[in-house]
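These are the residues of each chain, in order.
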Amino acid sequence: MPEERRKPIALKELEEILKDDKRIRVSGCDIDGIPRGKTITKTKFLKSLEEGFGFCNVAFGWDMLDKVYDASVHVERGYSDLIARLDTSTYRRIPWDNNTPHFLFDFMDPVSQKPYANCPRGLLKNAIRQCNELGFEPLCGMEFEFFNFKETPDSLVAKDGVGLTPLTPGMFGYSLLRPALHQDFFNEIYDQCLAYDIPIEGFHTETGPGVFEAALQYGEALEVADRAHLFKTAAKQIGLKHGIMASFMAKPWNDLPGCSGHIHFSLAHLDSGKNAFVPGDDDMIDDNNDKLRGLSPVMKSFVAGILEALPSIMPMLAPTINSYKRLVENYWAPVTVSYGIENRIAAVRIITPPTCPKSATRLELRVPGADVNPYLAIGACLAAGVNGVRKKLVPAFPPLEGNDATGGERLPRTLKEAADKMMEKDSVARQVLGDAFVDHFGKTRLHGECCRPETLPLCAYGTVSDITPIATEWKQWETSVTNWEIKRYMETV
């Protein structure tokens, strides 16, 4: 088993830990994976430990640019408070911000006092619970590729997002030269993240101008998701100190590979801690499928569960319009429902001996991009995989071989196609994640009939005109004019 699990901290111990602190940073995760939080006094923090504190539900009623969703997305339109329930086991200090203490919280329903259905961290906790009920502890690791630019928020606005300057030139993956151009920035991400309790197992350049890749340490699913969620903000905040913008956009350039957010998975037996994906001697004897002999029955069923669910959980793995620009042929990204033994073309790459120790047998999901919400992606995959284990599914088709990328059905090509698939009446996503979450999340990705301003209430965020709803993600894209269109048609059409 990995490192010892974090435990909640008792009040007296917290008072001692925080005795020299005046302010505390607290945050939760919104539906897009963005930390939403505030700095509060130590007194308020300690008083809130038992019952939590109020946090406006607009965090689930607006998009990543704070534009309120239209009426198709169900959020209580008086924008009342949810309850932010602090998790003291997440205690860490922010080394680049005067060692300010930082705690995460979960969103709770104030009436039922149960987890809020759309809370990403709560969704992952529920998936972990399902694994535990079958006798397994889910483990995972996460990798982020991300572009870095010699830009600031001000220059990004001034340039209207066009003509940005990459941190380094050219295509130079695994380079020992490129980091030296900005060695302080490169080293600070690694060292400061370690001090922030986000250990990075491997850190290197990837192919592309100014691209880094960070592989976060393998561990228990919730801990890894917390670290992945915080890593993006850490890289961005550290970058700002150096005049650098770190971007986790899935596909910033038309003609270059995009940025992945690959996730590795395995299950450990709760009683013994041993890897449940490693086949026993009897499994090897009884298995007539030579291609899958290195997989235990549990692993085969887990893989089959993910393959069954993959088309309908795509919005959790590719949550933005831009995500699908990465998922195209010939750019190192999977495009079909597929799996393969040590095959990086497949959606699911199975990693077994001899390329790894037997104890490290695992799978890698290669669909997600760097723009993913780690809680939703890990949670959806665990729920799908353990559903396969529960139903004792087996893969319905053979693994990919060589560079044959055909596999099963084509993955959705757009966010609209993916959201439609997820929201079908009997989708696998509904079966494993529940209707309440699927309906809310799907509508934030898809639907958008703008309602009349006069139908909206006043709220603390301004007058009616200030909070006029916008169409959601897909509707905005449908009505947007791109730079490509301007360059192509402005003069010649």
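Numbering of residues starts from 1 in every chain and runs along the sequence as written. Under the rules for a predicted model, residues below a pLDDT of 70 receive no local features and side-chain atom pairs below 80 are neither given nor counted, while totals for whole chains, interfaces and linings still include all residues. Side-chain calculation: all heavy atoms of the structure are included, whereas hydrogens and water are not.

Attention shifts here to helix H5 (residues 183-195). Because an α-helix completes one turn every 3.6 residues, residues spaced three or four positions apart along the sequence face the same direction. Helix and strand assignments come from DSSP, with helices taken as H or I runs of at least 4 residues and strands as E runs of at least 2, each series counted from the N terminus. One less than the number of residues in a helix, times 1.5 Å, gives the span that helix is expected to have. Relative to the 18 Å expected for 13 residues at 1.5 Å per residue, H5 spans 18 Å between its end C-alpha atoms, a close match to the ideal helical length. Within the span of H5, buried status applies to Phe185, Phe186, Glu188, Ile189, Gln192 and Cys193. Residue contacts are defined here by distance: any two heavy atoms, one from each residue, within 4.5 Å place the two residues in contact. Against strand S6 (136-149), strand S7 (200-205), strand S8 (211-216) and helix H6 (221-241) lie the buried residues of H5. Downstream of H5 by one or two residues, Asp197 has phi in the positive range, about 65°. Exposure classes here rest on a 1.4 Å probe applied to the protein chains alone. A residue is buried below 20% of its type maximum, exposed above 50%, and partly exposed in between.

Each Phe, Tyr or Trp ring (for Trp, its six-membered ring) is paired with any other whose centre lies within 6.5 Å, and the angle between the two planes then decides the class: stacked below 30 degrees, edge-to-face above 60, tilted in between. Taken as a whole and judged by the stated rule, the model has 26 aromatic pairs. Aromatic side chains Phe53 and Phe105 sit 5.6 Å apart centroid to centroid with 80° between the ring planes, which places their arrangement in the edge-to-face category. Taken together, the positions of Phe53 in strand S3 (residues 53-56) and Phe105 in strand S5 (residues 100-108) put the pair 52 residues apart, joining distant regions of the chain. Owing to a relative accessible area of 4%, Phe53 belongs among the buried residues under this scheme. With a centroid separation of 5.6 Å and 75° between ring planes, the pair formed by Phe55 and Phe107 is classed as edge-to-face. Taken together, the positions of Phe55 in strand S3 and Phe107 in strand S5 put the pair 52 residues apart, joining distant regions of the chain. According to the relative accessible area criterion, Phe55 is buried, its value standing at 10%. Members of the aromatic cluster, connected to one another through ring pairs, are Phe144, Phe146, Phe185, Phe186, Phe203, Phe212, Phe231 and Phe248.

Our next topic: the pattern of salt bridges. Within this document, salt bridges are pairs made up of a side-chain nitrogen of Lys or Arg and a carboxyl oxygen of Asp or Glu, the two lying within 4 Å of each other. Inspection of the entire model under this criterion finds 27 salt bridges. Between Asp66 and Arg36 there is a salt bridge, and its shortest N-O distance comes to 3.0 Å. With a gap of 30 residues between them, Asp66 in the loop between S3 and strand S4 (81-94) and Arg36 in strand S2 (residues 35-41) connect regions that are remote in the sequence. Overall, the relative accessible area of 37% leaves Asp66 in the partly exposed class.

Moving on to unusual backbone geometry. The omega angle of the peptide bond from Pro353 to Pro354 is 15°, so this bond is cis rather than trans. Here Pro354 shows up in the loop between strand S13 (348-351) and strand S14 (362-365). With a phi angle near 65°, Asp66 is a residue other than glycine that sits in the positive phi range. A positive phi angle, near 65°, is found at Asp197, a position not held by glycine.

Let us now look at the sheet that holds S2. Pairing between strands is defined by DSSP: at least two bridges between them are needed. The strand order across the open sheet formed by 5 strands is S2-S1-S5-S4-S3, and the pairing between neighbours is mixed. For this open sheet the edge positions go to S2 and S3, each flanked by a neighbour on one side alone. With direction set aside, neighbouring strand axes in the sheet form an average angle of 40°. Summarising the sheet, S4 and S5 pair through 8 bridges and their orientation is antiparallel. Bridge pairing in S5 places Ile83 opposite Met108. To obtain an axis, a line is fitted to C-alpha atoms, over the contacting stretch when the element is a helix, and the angle between two such axes runs from 0 to 180 degrees between their N-to-C directions. Strands strand S1 (23-29), S2, S4 and S5 of the sheet are contacted by H6, whose axis makes an angle of about 85° with S4.

Every definition here rests on a 1 Å grid over the protein atoms only: cavities are sets of points where a 1.4 Å probe fits but cannot get out, pockets are open sets enclosed by protein on both sides within 12 Å along at least five of seven lines, and lining residues have some atom within 4 Å of a point. Grid points are joined across faces, edges and corners, and a volume is the space filled by probe spheres set on the points. Evaluated as defined, the whole model comprises 3 cavities of 30 Å³ or more. By volume, the largest cavity amounts to about 50 Å³. For the lining of the largest cavity, the elements supplying multiple residues, two or more each, are S1 and S5. Classifying every residue of the lining of the largest cavity by side-chain character gives 5 nonpolar, 3 polar and 1 charged. By volume, the second largest cavity amounts to about 40 Å³. Residues are grouped as follows: Ala, Val, Leu, Ile, Met, Phe, Trp, Tyr, Cys and Pro are nonpolar; Asp, Glu, Lys and Arg are charged; every other residue, Gly included, is polar. Residue classes in the lining of the second largest cavity are distributed as 4 nonpolar, 5 polar and 2 charged.

As a packed pair, H6 and helix H11 (residues 374-391) sit with axes 8 Å apart at the nearest point and diverge in direction by 150°. Overall, the two elements H6 and H11 adopt an arrangement that is roughly antiparallel. Residue-level inspection shows Ala221, Leu222, Ala225, Asp226, Ala228 and His229 of H6 in contact with H11, the latter providing Pro374, Tyr375, Ile378 and Leu382. A breakdown of the residues in the contact of H6 with H11 according to their chemical character gives 8 nonpolar, 1 polar and 1 charged. Here is the rule for angles: anything less than 35 degrees is roughly parallel, anything more than 145 is roughly antiparallel, 65 through 115 is roughly perpendicular, and the remaining ranges are oblique.

Another aspect to go through is the side chain of Arg430. Within the secondary structure layout, Arg430 lies in helix H13 (residues 428-433). In this structure, Arg430 is in contact with Met422, Met423, Glu424, Lys425, Asp435, Val438 and Asp439, ignoring residues within four places of it in sequence.

The gaps left among the atoms become clear once a water-sized probe is rolled over them. The computed volume of the second largest pocket comes to approximately 670 Å³. Taken together, 32 residues line the second largest pocket, and the ones lying closest to its centre are Glu143, Glu145, Glu206, Glu213 and His262. If you list the elements that add at least two residues to the lining of the second largest pocket, you get S6, S7, S8 and S14. Its residues placed into classes, the lining of the second largest pocket shows 13 nonpolar, 8 polar and 11 charged.

A word on the environment of Cys56. Of note, Cys56 is situated in strand S3. Assessed through its relative accessible area of 14%, Cys56 is described here as buried. Sequence-wise, Cys56 and Leu82 are 26 residues apart; in three dimensions their C-alpha atoms are separated by 6.0 Å.

Our next topic: the pairing of S14. Bridge analysis of strand S11 (residues 263-269) against S14 gives 3 bridges, and the strand direction is antiparallel. Along S14, the bridge assignment pairs Phe265 with Leu363. When S13 meets S14, the two strands line up antiparallel, connected through 4 bridges. Looking at the pairing, Ile350 lines up with Leu363 of S14.

Here the focus is the confidence of the model for the chain. What pLDDT reports is the predictor's confidence in each residue, on a scale of 0 through 100. Summarising the model, the chain shows a mean pLDDT of 90, and 89% of its residues fall at 70 or more. Predicted confidence is poor over residues 448-468, with pLDDT under 50, and the contacts of this stretch with residues over four places away or in other chains come to 34 contacts.

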